[in-house]
Each structure stands twice: as structure tokens, then as C-alpha cells.
Amino acid sequence: MSIKNYVRLEFQSLPENVSFARSCVGSFASQIDCTLEEIEEIKLVVSEAVSNSIIHGYDNRTNEKIFVMVTIADDRCLEIMVEDRGKGIADVKQAMEPTYSSDETRMGLGFTFMKSFMDDMEVISSPGEGTIVKMRRTFMSHEKEAYA
Ligand SMILES: Nc1ncnc2c1ncn2[C@@H]1O[C@H](COP(=O)(O)OP(=O)(O)O)[C@@H](O)[C@H]1O
Ligand SMILES: [Mg+2]
């Protein structure tokens, strides 16, 4: 795997930074030859992961840190990591089940969206230490369509 480009972000756990991270990663990912629809999917995935860090990881505390690392490898492969040093997840398997939420007012579909829009997703978490969500997606080439 050859790394073509990467970006690392560190920002405060403020709700307004959800849209900051979303546009930032969307704009970085557009270096890959992919469709606008695909970029929208990437943005959605980033919003879900970052808002989880704020809402669940940090229980809406706004003076904590969130880290996002994005890598483009082999021209077509995008890897996104979202990390918080918050409360962590005791049961990752349960947390990833569709419609499961520890908050009854929420839909519990964030991880389901992340999984469905990415090729693979890994959640590394331990209670009291924090959570890392690692996701990867390889985009198909659209080069041929351009010349069709
Ligand atoms: N970064 C995180 N830190 C702590 N808990 C998390 C984190 N991300 C997700 N969770 C847990 O996983 C559950 C499922 O997350 P998700 O599918 O996004 O649904 P929702 O956010 O609607 O609850 C959350 O309700 C929460 O308990
Ligand atoms: Mg969520």
C-alpha cells in the first residue's frame, strides 16, 4: 500500500465542529476520482462518527479533544479514523447492532450507516479510555465513464 496523501485534524468537541470535520474530510476525499454522491456518503459517515464522540464519548462536554486522520492510498483507497479519549464502549458488539442506542431518544443507526457506506469498519474501544473508529473504502474508477 502506498500512501499518496494524508491529513490529521485535532479539534475541540464542539457541536459546530461536526460540520467543520464533515466538509474538511469531504473536500480532502474529493482528490479521489469519485462521484458527488460518494462524497456525500463520506461526509455523512464522518458526521456520524464525530457526533458520537461528542454526544456519547464526551457526554456533550465541549472542552475535550477529537482527532481525525484521513489517508488516501493507492489512488483509490480512503481510510478514515475518528478518535476520542472519552468514556469508551463496554460492549462494542451491542453498540453496533442496528437501532441499538444507549439513549432512548436516539435512532441508533450511526454505526449502521458507517458500516453500509464503507467497505469495512473496526471499532477499538475500552471503557474509561476512549474510542477509535477506523473505516476504509476503495472507490471504483470513473475514468471509463468520462470517455464513454
Ligand atoms: N465514541 C463513542 N463513545 C462512547 N460510546 C459510543 C461512541 N460511539 C457510539 N457509542 C455507543 O454506541 C451506541 C450506538 O451508536 P450509534 O449507532 O451511532 O447510535 P446513536 O448515536 O443514535 O445512539 C451509542 O448509543 C453509544 O452508546
Ligand atoms: Mg450516533
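Provided above is the structure to which this section pertains.
Residues numbered from 1 in each chain as written. Chains lettered and ligands numbered in written order. Predicted model: local features only at pLDDT ≥ 70, side-chain atom pairs only at ≥ 80, totals over all residues. Heavy atoms only, no water.

### Concerning the sheet that holds strand β2 (residues 65-73)
Pairing is antiparallel across the open sheet formed by five strands, whose spatial order is β1-β2-β3-β5-β4. The open sheet has two free edges, formed respectively by β1 (3-12) and β4 (120-126), since each of these has just one partner strand. Between one strand axis and the next, the sheet turns through 10 degrees on average, direction left out of account. The pairing of β4 with strand β5 (residues 130-138) spans seven bridges and is classified as antiparallel. Directly across from M121, in β5, lies its bridge partner M135. Packing against the sheet, helix α1 (residues 16-29) makes contact with β1, β2 and β3 (77-84), and its axis sits at approximately 170 degrees to β1. (Pairing = 2+ DSSP bridges. Helix = DSSP H or I, 4+ residues; strand = E, 2+ residues; numbered from the N terminus. Axes fitted to C-alpha atoms, helices over the stretch in contact; angles between N-to-C directions. Contact = heavy atoms within 4.5 Å.)

### Details of the nonpolar core
If you look at the biggest cluster of nonpolar residues, it comprises 35 residues, and the most contacted ones within it are V50, V68, L78, I80, F111 and M135. Breaking this core down by element, the ones donating at least two residues are β1, α1, α2 (36-57), β2, β3, α4 (110-117), β4 and β5. Tallying contributions element by element places α2 first for this core, with seven residues. (Core = buried A, V, L, I, M, F, W, Y, C linked by side-chain atoms within 4.5 Å. Buried < 20%, exposed > 50% of the residue type's maximum accessible area, 1.4 Å probe, protein only.)

### Quick word on the site of ligand 1
Taken together, 18 residues sit near ligand 1, with N52, H56, S101, S102 and G108 positioned nearest. Between G108 and ligand 1, the recorded distance is 2.8 Å, taken from a backbone N or O atom to an oxygen atom. The contact in question runs from an oxygen atom of ligand 1 to an N or O atom on the backbone of F111, over 3.0 Å. Each residue belonging to the shell around ligand 1 can be placed in one class, and the counts come to six nonpolar, 10 polar and two charged. (Near = heavy atom within 4 Å. Polar contact = N/O pair within 3.5 Å; in protein donor to acceptor, adjacent residues only side chain to side chain. Nonpolar A, V, L, I, M, F, W, Y, C, P; charged D, E, K, R; others polar.)

### Some points on the state of the cysteines
The final tally for this structure, using the stated rule, is zero disulfides. Cysteine C34 is unpaired, with the sulfur of C77 as its nearest cysteine sulfur at 12 Å. For C34, a relative accessible area of 18% gives the class buried. A relative accessible area of 11% means that C77 is categorised as buried. (Disulfide = S-S within 2.5 Å.)

### Overview of α4
Residues of α4 that are buried: G110, F111 and M114. Take α4 and look down its axis: the buried residues cluster within an arc of 95 degrees, on one side only. On its buried side, α4 packs onto α2, α3 (92-95), β4 and β5. (Arc of directions from axis to C-beta.)

### Some words on the pattern of salt bridges
What the rule picks out here adds up to 10 salt bridges. Linking E40 and K43 is a salt bridge whose minimum nitrogen-to-oxygen distance equals 3.5 Å. Of this pair, E40 and K43 both sit in helix α2, three residues apart, roughly one helical turn. (Salt bridge = Lys/Arg side-chain N within 4 Å of Asp/Glu carboxyl O.)

### Points about the pairing of β5
As judged from the eight bridges shared by β3 and β5, these two strands associate in the antiparallel manner. Paired with M81 across the strands is K134, a residue of β5. Hairpin geometry of β4 and β5 is characterised by an intervening segment of three residues between the two adjacent antiparallel strands and by a positive phi of about 85 degrees at G128.

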